[in-house]
Amino acid sequence: MEPIILPIYNTDGKEIDSIKLDHGIFDGIVNADAIHQVVLAYNAGQRKGLASTKTMGEVSGGGRKPWKQKGTGRARVGSIRSPLWRHGGVVFGPHPRDFSYTLPVKIKKLALKSSLNAKMNENNFIVVDNFKIEQPKTKEAVKILTNLKIGRLKDKNNPKAKTVKALLLLDKLDENLKLALRNIAFLTINRAQDTNTYEVLAANKLIVTREALSELTNRLKK
């Protein structure tokens, strides 16, 4: 299989160059099993695990035995906070816990590589020369995204057309850029060295700068 060549766009949305992707990373192969494992692990790590119930020993009250052990004709009871009683403790109820678990680094890298290949196979992988703005204004950032055809889908036949969610990967986060992009609801930004499989899959379009693509390739080749 020959190396894949993608066009490089400028902030005006015009093709100015092309780049040959590393065949060792961008080979078009998507490993669904690796992606599934990593997404499950990611979702598990996002769980709060705050559900909590009180056992018989934690419920308030119940220190005195309700009635004597024998002679009343009633069942023996040691505490009014017995799990059998109303307002009693809970048996085997949930307690705060950590649901997260770790996966081998190789599986994480394989899943990230597969998610990138999936975006590339869908033609949703956009490489830009850079993503710089002179002033921290959202209007300027939206203009660049519009030039790249990223944003709300305009369809006269479907007024409820959904917004295309995009992920922008940069080599470094400029303060002006962060201020300009933070109010754009359909856009997520991150550094190439910090992105993950779930983040890539959650976006409809993936925008990567030339420098970020280089860092991403080096990260997956280690």
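Presented here is an overview of the structure given in this document. Bear in mind that the values here come from a model prediction, so they are computed numbers and not experimental data.

What follows deals with unusual backbone geometry. The backbone phi angle of His87 is positive, close to 70°, even though this residue is not glycine. By the secondary structure assignment, His87 is in the loop between helix H1 (32-46) and helix H2 (105-121). With a phi angle near 65°, Lys149 is a residue other than glycine that sits in the positive phi range.

Once that is clear, we can look at the nonpolar core. Within the largest apolar cluster, 23 residues are counted, with the highest numbers of intra-cluster contacts made by Leu21, Phe26, Leu116, Phe125, Leu206 and Leu213. Elements with a contribution of two residues or more to this core: strand S1 (5-9), H2, strand S3 (125-128), strand S4 (166-170), strand S6 (205-209) and helix H6 (210-221). For this core, the element with the most residues is H6, which contributes four residues. Apart from the residues lying within four places of it in its own chain, the contact partners of Phe26 are Ile4, Leu21, Leu116, Asn117, Met120, Phe125, Leu213 and Thr217.

Aromatic ring pairs are described here by two measures, namely the spacing of the ring centres and the angle between the planes. Using the criterion set out here, one finds three aromatic pairs in the structure. Here the aromatic rings of Tyr42 and Tyr198 are separated by 4.4 Å at their centres, their planes lie at 15°, and the arrangement is stacked. Here the residue Tyr42 occupies a position in helix H1, and Tyr198 occupies one in helix H5 (residues 197-202), the gap between them amounting to 156 residues. Here Tyr198 falls in the partly exposed class, since its relative accessible area comes to 34%. Look at Trp67 and Trp85: their rings are 5.9 Å apart centre to centre, the planes differ by 40°, and that puts the pair in the tilted class. Taken together, the residues span a long stretch of sequence, with Trp67 in the loop between H1 and H2 and Trp85 in the loop between H1 and H2 at a distance of 18 residues. For Arg47, the ring lying beneath its charged end belongs to Phe99, and the centroid distance is 3.5 Å. Sitting over the ring of Trp67, Arg74 keeps its end group 3.8 Å from the ring centre.

Strand order in the open sheet formed by six strands is S2-S1-S3-S6-S4-S5, and the pairing between neighbours is mixed. The two strands at the open ends of the sheet, each matched to only one other strand, are strand S2 (15-20) and strand S5 (187-191). Taking each pair of neighbouring strands and ignoring which way they run, the sheet shows an average axis angle of 30°. Pairing of S4 with S6 involves four bridges; the strand directions are parallel. When the bridges of S6 are listed, Ala166 appears paired with Lys205. Strands S1, S2, S3, S4 and S6 of the sheet are contacted by H6, whose axis makes an angle of about 95° with S6.

In helix packing, the relevant descriptors are the interaxial angle and the interaxial distance, both defined with respect to the helix axes. It is the contact of H1 with H2, at a shortest axis distance of 8 Å, that shows an interaxial angle of 110°. Relative to H2, the element H1 lies roughly perpendicular. When the axes of H1 and H2 are compared, the crossing they make is left-handed. The residues of H2 that touch H1, namely those facing Ala34, Ile35, Gln37 and Val38, are Ile107, Lys108, Leu110, Ala111, Ser114 and Ser115. Class assignment for the residues of the contact of H1 with H2 results in six nonpolar, three polar and one charged.

A few words on the side chain of Asn124. Mapped onto the secondary structure, Asn124 falls in the loop between H2 and S3. Within polar-contact distance, the side chain of Asn124 engages the backbone oxygen of Asn204 at 3.3 Å. Among residues more than four places away in sequence, those in contact with Asn124 are Lys119, Asn204, Lys205 and Leu206.

So, about the environment of Thr217. Mapped onto the fold, Thr217 is located in helix H6. Expressed as a C-alpha distance, the spacing of Thr217 and Lys113, which sit 104 residues apart in the sequence, is 9.2 Å. Looking at Thr217, its side chain comes within polar contact range of the main-chain oxygen of Leu213, at 2.8 Å.

Criteria and thresholds
- Residues numbered from 1 in each chain as written.
- Predicted model: local features only at pLDDT ≥ 70, side-chain atom pairs only at ≥ 80, totals over all residues.
- Heavy atoms only, no water.
- Helix = DSSP H or I, 4+ residues; strand = E, 2+ residues; numbered from the N terminus.
- Core = buried A, V, L, I, M, F, W, Y, C linked by side-chain atoms within 4.5 Å.
- Buried < 20%, exposed > 50% of the residue type's maximum accessible area, 1.4 Å probe, protein only.
- Contact = heavy atoms within 4.5 Å.
- Phe/Tyr/Trp six-rings, centres within 6.5 Å; stacked < 30°, edge-to-face > 60°.
- Lys NZ or Arg CZ within 6 Å of the ring centre and 35° of its normal.
- Pairing = 2+ DSSP bridges.
- Axes fitted to C-alpha atoms, helices over the stretch in contact; angles between N-to-C directions.
- Parallel < 35°, antiparallel > 145°, perpendicular 65-115°, else oblique.
- Left-handed = near helix turned anticlockwise from the far one by under 90°.
- Nonpolar A, V, L, I, M, F, W, Y, C, P; charged D, E, K, R; others polar.
- Polar contact = N/O pair within 3.5 Å; in protein donor to acceptor, adjacent residues only side chain to side chain.

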